Amino acid sequence: MKSRKEELERKRQKLAELRRSREERKNALLNAQKKETTASAINRDRKAIDELVASLVGDISSVSSINSLSARSNSSSPNQPELPNSTLSSPSLSPNVAQPTSAELPPTPVIRKEKPLESSEIVIFDFPPTIVYNKEIQTTEVYEEPTEKEETDNVNFESEILEPEVPVVKEVIKEEKITEFSEEEKKNIMQTEGFKDFFDYSTKIVERALDEPYDIMIDYRVDNTIEDNKANDNTLKLVQSFFSEEWTKDRTVTDIDWSPEFSELMLGSYNKKKQSLITDPYGVCCIWNLHLQGRPEFIFQTQSDITSACFSKFHPKLVIGGTYSGQIVLWDMRTKSLPVQKTPLTVTGHAHPIYKMQMVGTQNSNNLISASSDGIVCSWQLDMLTQPQEIIELVSSSNDKISDIAITTFDFPDNEISSFWIGTEEGRVHQVNRYERADSKAGLNATDRYEGHGGIITGLSFHPQSAGSYNFSNLFLTSSIDWTVKLWRTKSTLKPSIKEEIIQPICSFDYANDYVLDVEWSPVHPAMFASVDGDGQLNIFNINQDQEMPIYSMTVDPNHSLNKLKWHKDGKKISVGSSDGHIYVYDIGDLSIPSTDENGTLQKTLQEL
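So, a few notes on the structure that sits alongside this text. These numbers were taken from a predicted model, which means no experiment stands behind them. (Residues numbered from 1 in each chain as written. Predicted model: local features only at pLDDT ≥ 70, side-chain atom pairs only at ≥ 80, totals over all residues. Heavy atoms only, no water.)

**Focus: the overall build of the protein**
Here's step 1: Secondary structure assignment for the protein yields five helices and 31 strands.
Here's step 2: Scored against the burial criterion, the 609 residues of the protein give a buried share of 37%.
Here's step 3: Here the analysis covers contacts within the protein between residues at least 6 apart in sequence; of these, 53% occur between residues at least 24 apart.
Here's step 4: Total accessible area computed for the protein in this model is approximately 38,300 Å², and 52% of it derives from carbon and sulfur atoms. (Helix = DSSP H or I, 4+ residues; strand = E, 2+ residues; numbered from the N terminus. Buried < 20%, exposed > 50% of the residue type's maximum accessible area, 1.4 Å probe, protein only. Contact = heavy atoms within 4.5 Å. Areas by Shrake-Rupley, 256 points an atom, 1.4 Å probe, with all protein chains shown as cover.)

Rendered as structure tokens:
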């Protein structure tokens, strides 16, 4: 704005200078004209005086002057020819002309010698005023009286200088020829990969926006609170249900996991379709979004049934899948649907179904632990899946007979990376050491045997709380097809048993009427856990309130069993997967909020048990 004002001030100064120059030129021209008029008047007066003197004195002076001039001309140049149109050749001085006689002459006056009058020519030079030429002033015009049109133009010019100049943008509209595609061309364009990716990404954005629950008709001038009689009820509310006719129909949910980075994302892995076509992939892993109802956010495929899957908590963009063939596949959410890496089918890795995988370690040093049903436990680096870093073969000896241990599930205690506990098809729980110690070898701890189940162990979950004044990291839960859930306390790994010792559960929950297929502790409530069974029921337990029956139970799907469950990291939502390919997400409300002294109450409850 300041520069604009300065520019306008400079233009005003230039305009004043131009006017001043114009006035100076006008005054100079008028003075020159006055001088010229005066000079011409003086010349006319002198000519009249000369004529009057010539009429009075003219003949004598003329003769004397002519004689003297003739004598000088004859003496100086006798041979010089006579000049035409000169005074010497005038008819009055010609010898052929008769001279007047003395009688005819008037009386001779007294002749006084006077200096003859002479005429001089005055040349007036009109110098124009000095003008400094620059880029704004270029003119050599002679001043003329401005006409009415010019005065109007000057006024307009002044108004343009005083007012800000607004550039006028002329919009040039080009008439583009619209190309009409034929039906075949449209079909070809829609089948290209670029168009499919663009359409898929754009429609996801629109669907997320439409799913936004914000009420655009809300009136802030009135009271918008609605009395909800169920607001304080301990009831589960369905948040979302995920199902796809194309990808999850006639498939069974084999695993569920929540994203460690994006709280709205979760994965569900599925096995082979019951009646599949040749073009259908055997295994499918779908990434679901709580804000996208109609379809998965990402779809990953593999040519084998997926038996387990999880996010990498140290690399949130990576998804890991364990297959029925024993291969481990790695997908990347930044690429296409096929795996970016996978383990080879060799004897150095797994050759049987992988039913459980887990990431352990820290951000800078982490490993993927996988276990298959042939008793093989492997440790992998995600950036090199060609061969495992560690291989532990678990075998058991009973009655002088060595047999492989069929691992169905395992889990690590919180903040533990060297020891973990496994559940087997025989219904037993065993401790496994990854490394050798001074008093124990790497592999299966054969002296400590956790016995109590009468069937295959389907789930194993350690308590997530290991920090603070209360440490419950030695507690773990197991579920089995014997219709029970059992609570265990681990034996100290620092004092291994010298002889074989059988460890019994500290509590058993015999509530179910069918197979209990999964169990897991709440991540925020120290005394709460959940389980799912073959009746399609979801059960919520609180040990501090009831040590036998669930505090809340609901039938999610009476026609299909619930195979898997997974708590959200905030402890307020829980997801369950069914045998018909559906995944349900529930909000448990106030049930997830622990009381102020929940840890102390749990400590007392465990002492009573």
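**Some points on the sheet that holds strand β4 (residues 283-289)**
Here's step 1: Taken together, the four strands give an open sheet; going across it, the order is β2-β3-β4-β5, and neighbouring strands pair in antiparallel fashion. Pairing within the sheet leaves two strands with one partner each, and these edge strands are β2 (253-258) and β5 (298-302). Put simply, the sheet's adjacent strands are angled 15° from each other on average, direction ignored.
Here's step 2: As defined by bridge partners, β4 adjoins β5 across five bridges and the pair is classed as antiparallel. By the bridge assignment, Val284 is partnered in β5 with Gln301. (Pairing = 2+ DSSP bridges. Axes fitted to C-alpha atoms, helices over the stretch in contact; angles between N-to-C directions.)

**What to know about the packing of aromatic side chains**
Here's step 1: This model, assessed by the stated rule, comprises 16 aromatic pairs.
Here's step 2: With a centroid separation of 5.3 Å and 65° between ring planes, the pair formed by Phe509 and Phe529 is classed as edge-to-face. In this pair, Phe509 is assigned in strand β24 (residues 507-509) and Phe529 in strand β26 (residues 528-533), connecting sequence segments 20 residues apart. There is no split in this pair, since Phe509 and Phe529 are both buried.
Here's step 3: Through a chain of ring-to-ring contacts, the aromatic side chains of Trp421, Tyr450, Phe462, Phe476 and Trp488 assemble into a single cluster.
Here's step 4: Here the basic side chain of Lys356 rests over the ring of Phe410, its NZ or CZ set 5.3 Å away from the ring centre. (Phe/Tyr/Trp six-rings, centres within 6.5 Å; stacked < 30°, edge-to-face > 60°. Lys NZ or Arg CZ within 6 Å of the ring centre and 35° of its normal.)

**Brief notes about the pattern of salt bridges**
Opposite charge on two side chains makes pairing possible when the charged atoms of those side chains draw close.
Here's step 1: Within the structure shown, the criterion is met by 14 salt bridges.
Here's step 2: With a closest N to O distance of 3.9 Å, Lys11 and Glu7 form a salt bridge. Of this pair, Lys11 and Glu7 both sit in helix α1 (residues 2-76), four residues apart, which is roughly one turn of that helix.
Here's step 3: Classification of Glu7 as partly exposed rests on a relative accessible area of 28%.
Here's step 4: The shortest N-O distance in the salt bridge between Arg449 and Glu451 comes to 2.4 Å. (Salt bridge = Lys/Arg side-chain N within 4 Å of Asp/Glu carboxyl O.)

**Quick look at the sheet that holds strand β11 (residues 366-372)**
Within a sheet, adjacent strands bond to each other through the backbone by hydrogen bonds, running parallel or antiparallel.
Here's step 1: The strand order across the open sheet built from four strands is β10-β11-β12-β13, with neighbouring strands paired in antiparallel fashion. Two strands bound the open sheet, and with one partner strand each, they are β10 (354-361) and β13 (390-393). Pairwise comparison of adjacent strand axes, ignoring direction, gives a mean angle of 15° for this sheet.

**Considering unusual backbone geometry**
Keep in mind that most residues, glycine aside, have a negative phi and that most peptide bonds are trans.
Here's step 1: Within the chain, Asp250 stands out as a residue other than glycine whose phi angle is a positive 60°.
Here's step 2: Locating Asp250 in the fold gives a position in the loop between β1 (237-242) and β2.
Here's step 3: Its relative accessible area of 37% is what places Asp250 among the partly exposed residues.
Here's step 4: With a phi close to 75°, Trp483 is a non-glycine residue in the positive phi region.
Here's step 5: Residue position: Trp483 is located in the loop between β21 (475-480) and β22 (485-489).

**Re the environment of Lys486**
Here's step 1: Within the secondary structure, Lys486 sits in strand β22.
Here's step 2: Relative accessible area serves as the criterion here: at 9%, Lys486 is assigned to the buried category.
Here's step 3: Between the C-alpha atoms of Lys486 and Ser508, which are 22 residues apart in sequence, the distance is 4.4 Å.
Here's step 4: Sequence-distant contacts of Lys486, defined by excluding residues within four places in its chain, comprise Gly452, His453, Phe476, Leu477, Thr478, Pro505, Cys507 and Ser508.
Here's step 5: A distance of 2.9 Å separates the side chain of Lys486 from the side chain of Ser508, its partner in a polar contact. (Polar contact = N/O pair within 3.5 Å; in protein donor to acceptor, adjacent residues only side chain to side chain.)

**Focus on the side chain of Ser379**
Here's step 1: If you trace the backbone, Ser379 turns up in strand β12 (residues 376-380).
Here's step 2: Among the polar contacts listed, one links the side chain of Ser379 to the side chain of Arg434, at a separation of 3.5 Å.
Here's step 3: Look past the residues within four positions of Ser379 in its chain and what remains in contact with it is Asn367, Leu368, Ile369, Pro388, Gln389, Glu390 and Arg434.

**Looking at the pairing of strand β6 (residues 306-312)**
Here's step 1: Buried residues dominate β6, accounting for seven of its seven residues.
Here's step 2: Where β6 meets strand β7 (residues 315-323), six bridges bridge the pair, whose relative direction is antiparallel. Residue pairing for β7: Cys310 is matched across the bridge by Ile320.
Here's step 3: Count of turn residues in the β6/β7 antiparallel hairpin: two residues.

**Some points on the side chain of Ser312**
Here's step 1: Looking at the element boundaries, Ser312 is found in strand β6.
Here's step 2: When its relative accessible area of 0% is taken as the criterion, Ser312 is described as buried.
Here's step 3: Here Ser312 is in contact with Pro260, Leu318, Ile320, Met359 and Leu382, once residues within four sequence places are set aside.

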